[in-house]
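# Observations on chain architecture
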Amino acid sequence: MSDEGHIRELTAEECREYLTLARIGRIAFNGPDKIELIVANVAVPDPGHLLIRTEPDSVLALLAGEEPTPVAVETDHLDELYRWGWSLTVHGSARRASDEQLQQWQAREPQPWAPGERELYVVITIEQMAGRKVRAAKPS
């Protein structure tokens, strides 16, 4: 007998819980010439925000303007051995993090893997979250 597996929507509580596990996100936004999709380290300093660090001359620095920029951020976890995983998408707006936010969140900064000076902080205000969880069918 085989387990049929499943795919289902995450509840709002599961979205919040899984988001706290995120360390890597894929950030999509409209760049000057094309849609950008950039992988970056992220942190969740509080339930309503994501925080990224970048270099001032990077593509992600485009998000650090005074006016908010609409973004989508995807993060996920896949367990290939047990054949299950989840994917979560956040929609929100990005802008340069304020000094007050950085002071409040300093213990919860993202830790970039990439080398270089990454002293430009971008905060993403979460407006919507949704996700799915999948478990593959067990082989017969």
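Here we summarise the structure given alongside this text. Every value quoted in this text rests on a predicted model; they were computed, and no experiment measured them.

### Quick word on the overall build of the protein chain
- A count of helical and extended segments in the protein chain gives two helices and eight strands.
- From first element to last, N terminus to C terminus, the protein chain shows the α and β order β-α-β-β-β-β-β-β-α-β.
- If you line up the protein chain on its principal axes, its C-alpha atoms span 60 × 35 × 30 Å.
- Per-residue burial over the protein chain gives 37% buried out of 140 residues.
- Sequence-distant contacts in the protein chain: of pairs separated by 6 or more residues, those separated by 24 or more amount to 71%.
- Carbon and sulfur atoms make up 51% of the accessible area of the protein chain, which totals about 8800 Å².

### Some points on the packing of aromatic side chains
- According to the stated counting rule, one finds one aromatic pair in the structure shown.
- An angle of 5 degrees between the planes, with centres 4.7 Å apart, marks the rings of Tyr18 and Trp86 as stacked. In this pair, Tyr18 sits in helix α1 (residues 12–19) while Trp86 sits in strand β7 (residues 84–96), placing the two residues 68 residues apart along the sequence.
- Here Tyr18 falls in the buried class, since its relative accessible area comes to 9%.

### Here's the deal with the side chain of His49
- As for its placement among the helices and strands, His49 is situated in strand β5 (residues 49–54).
- A distance of 2.8 Å separates polar atoms of two side chains, one belonging to His49 and the other to Asp46.
- Among residues more than four places away in sequence, those in contact with His49 are Ala43, Val44, Gln101, Trp105, Val123, Ile124, Thr125 and Ile126.

### Observations regarding the pattern of salt bridges
- Counted according to the given criterion, the structure contains five salt bridges.
- Here Glu14 makes a salt bridge to Arg8, at a shortest N to O gap of 2.6 Å.
- For Glu14, a relative accessible area of 17% corresponds to the buried category.
- Taking the shortest distance from any N to any O, the salt bridge between Arg26 and Asp76 comes out at 3.6 Å. Of this pair, Arg26 sits in strand β2 (residues 24–30) while Asp76 is found in strand β6 (residues 69–79), placing the two residues 50 residues apart along the sequence.

### A short note on unusual backbone geometry
- Residue Arg83 is not a glycine yet carries a positive backbone phi of 60 degrees.
- Structurally, the position occupied by Arg83 is in the loop between β6 and β7.

Parameters at a glance
- Residues numbered from 1 in each chain as written.
- Predicted model: local features only at pLDDT ≥ 70, side-chain atom pairs only at ≥ 80, totals over all residues.
- Heavy atoms only, no water.
- Helix = DSSP H or I, 4+ residues; strand = E, 2+ residues; numbered from the N terminus.
- Buried < 20%, exposed > 50% of the residue type's maximum accessible area, 1.4 Å probe, protein only.
- Contact = heavy atoms within 4.5 Å.
- Areas by Shrake-Rupley, 256 points an atom, 1.4 Å probe, with all protein chains shown as cover.
- Phe/Tyr/Trp six-rings, centres within 6.5 Å; stacked < 30°, edge-to-face > 60°.
- Polar contact = N/O pair within 3.5 Å; in protein donor to acceptor, adjacent residues only side chain to side chain.
- Salt bridge = Lys/Arg side-chain N within 4 Å of Asp/Glu carboxyl O.

Just geometry here; none of it tells us what the structure is for.
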